[in-house]
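Observations on the model geometry
Below, each chain spelled out in residue letters.
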Amino acid sequence: MSGLLFVVSAASGTGKTSLVKALLDRVTNLHVSVSHTTRGQRPGELDGVHYHFSKKEDFLALVEQGGFIEYAEVFGNYYGTAQATVKQQLAKGHDVLLEIDWQGAQQVRKLFPESRQIFILPPSQFDLRQRLSNRGTDSVEVIERRLGCAVEDMQQYSNFDYIIINDDFNKALHDLECVIIANRLVLSQQAVRHQQLIEKLITPVEP
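Treat the numbers as computed from the prediction; the structure is a model and nothing was measured. (Residues numbered from 1 in each chain as written. Predicted model: local features only at pLDDT ≥ 70, side-chain atom pairs only at ≥ 80, totals over all residues. Heavy atoms only, no water.)

A closer look at the packing of aromatic side chains
Any pair of aromatic rings gets described here by the distance separating the centres and the angle formed by the planes. This structure, assessed with the given rule, holds 7 aromatic pairs. Judged by centre distance (6.5 Å) and plane angle (70°), the ring pair of Phe-59 and Tyr-71 falls under edge-to-face. Residue Phe-59 is located in helix H2 (residues 56-64), and its partner Tyr-71 is located in strand S5 (residues 68-74); the two are separated by 12 residues in the primary sequence. Of the aromatic side chains, those joined through ring pairs into one cluster are Phe-59, Phe-68, Tyr-71 and Tyr-78. The ring centre of Phe-160 lies 5.3 Å from the NZ or CZ of Arg-109, which sits over that ring. (Phe/Tyr/Trp six-rings, centres within 6.5 Å; stacked < 30°, edge-to-face > 60°. Helix = DSSP H or I, 4+ residues; strand = E, 2+ residues; numbered from the N terminus. Lys NZ or Arg CZ within 6 Å of the ring centre and 35° of its normal.)

Digging into the sheet that holds strand S9 (residues 162-165)
On the basis of which strands lie adjacent, the open sheet formed by 5 strands has the order S2-S7-S1-S8-S9 and parallel pairing. This sheet does not close on itself; its edge strands, each paired only once, are strand S2 (30-32) and S9. Within this sheet the neighbouring strands show an average axis-to-axis angle of 25°, counted without direction. With 3 bridges joining them, S2 and strand S7 (residues 95-99) adopt parallel strand pairing. What sits directly across from Val-32, in S7, is Leu-97. The strands touched by helix H4 (residues 102-111) within the sheet are strand S1 (5-10), S7 and strand S8 (116-121), with S1 carrying the most contacts at an inclination of about 155°. (Pairing = 2+ DSSP bridges. Axes fitted to C-alpha atoms, helices over the stretch in contact; angles between N-to-C directions. Contact = heavy atoms within 4.5 Å.)

Re empty space enclosed by the protein
Evaluated as defined, the whole model comprises 1 cavity of 30 Å³ or more. Approximately 30 Å³ is the volume found for the largest cavity. Lining the largest cavity, in full, are Trp-102, Gln-106, Arg-109, Gln-156, Asn-159 and Phe-160. Across the lining of the largest cavity, the residue classes tally to 2 nonpolar, 3 polar and 1 charged. (1 Å grid on protein atoms, 1.4 Å probe; cavity = no way out; pocket = protein on both sides within 12 Å on 5 of 7 lines; lining within 4 Å. Points joined across faces, edges and corners; volume = space filled by probe spheres on them. Nonpolar A, V, L, I, M, F, W, Y, C, P; charged D, E, K, R; others polar.)

Some points on a nonpolar patch on the surface
A cluster of nonpolar side chains, Leu-197, Ile-198, Leu-201 and Ile-202, forms an exposed patch at the surface whose accessible area comes to about 420 Å². Mapped onto the elements of the fold, Leu-197 is located in helix H9 (residues 195-202). (Patch = residues over 30% accessible without salt bridge, like charges linked within 9 Å, V, L, I, M, F, W, Y side chains within 5 Å. Areas by Shrake-Rupley, 256 points an atom, 1.4 Å probe, with all protein chains shown as cover. Salt bridge = Lys/Arg side-chain N within 4 Å of Asp/Glu carboxyl O.)

Here's the deal with the nonpolar core
Formed by 22 residues in total, the largest nonpolar core has its most connected members in Leu-5, Val-86, Leu-98 and Val-108. Only S1, helix H3 (83-91), S7, H4, S8, helix H5 (125-134) and helix H6 (140-154) provide two or more residues apiece to this core. Setting aside residues up to four positions removed in sequence, Leu-98 forms contacts with Leu-5, Phe-6, Val-7, Val-8, Ser-33, Thr-81, Val-86 and Val-108. Among the nonpolar cores identified, the runner-up in size contains 19 residues, and Phe-6, Ala-22, Leu-173 and Leu-176 belong to it. (Core = buried A, V, L, I, M, F, W, Y, C linked by side-chain atoms within 4.5 Å. Buried < 20%, exposed > 50% of the residue type's maximum accessible area, 1.4 Å probe, protein only.)

Observations concerning unusual backbone geometry
One non-glycine residue, Asn-29, lies in positive phi territory at about 55°. Mapped onto the elements, Asn-29 comes out in the loop between helix H1 (16-26) and S2.

Focus on the layout of surface pockets
Within this model, the largest pocket holds a volume of roughly 1,900 Å³. In this structure, the largest pocket is lined by 46 residues; those nearest its centre are Lys-16, Thr-17, Tyr-51, Tyr-79 and Glu-99. For the lining of the largest pocket, the secondary-structure elements that each account for two or more residues are H1, S5, strand S6 (77-82), S7, H4 and H6. Per-class residue counts for the lining of the largest pocket are 19 nonpolar, 14 polar and 13 charged.

Brief notes about the pattern of salt bridges
Applying the stated criterion to the full structure yields 7 salt bridges. A salt bridge links Glu-99 to Lys-16; the shortest N-O distance between them is 3.2 Å. Taken as a pair, Glu-99 in strand S7 and Lys-16 in helix H1 lie far apart in primary sequence, 83 residues in all. Exposure remark for Lys-16: the relative accessible area of 16% places this residue in the buried category. Asp-95 is the salt-bridge partner of Arg-184, the closest N and O atoms lying 2.6 Å from each other. In this pair, Arg-184 sits in helix H7 (residues 169-184) while Asp-95 sits in strand S7, placing the two residues 89 residues apart along the sequence. Like Asp-95, Arg-184 is buried.

Printed below as a string of structure tokens:
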């Protein structure tokens, strides 16, 4: 049985990463694909755990070979999801989750039209501005620029299958978990997973 491919996207500051991290503690057989990047390795980061750190020339060579499901250049660094790794996990029956931006989700949609795509939204622009400000690392100008970019990102919501509003974290986490579970219960999944049981149930019993 092939696993399911989930995509979670959101604008910066919406809480996507925190939700995904909490989701992994609650849902079994769900694997987050580790992205490849050409940016430098930061203190505390482990190769193969946080990212697969690659040289730029190696990354671009893999791009030419069609080795990425999706990739993008962000502030001079490249980020991408390896196609082989995801396909291997799905072939083993593992569900895979990609935490990527909407541009990446768009690329995934072309290669994996059956993927289930989830978009996280904040409750308001005011709340999003507060979250960006609370990071305490950016100037007012940078925050306003990030907010402007976030508004443009959020305009892509209509291209996704599910919308979750991250107003109350626990409720948003519950909604995210429900999406995963509901997709695991569809006929195409359950008919394969419980094939022997179903065959026994629908076989007439001789008196």
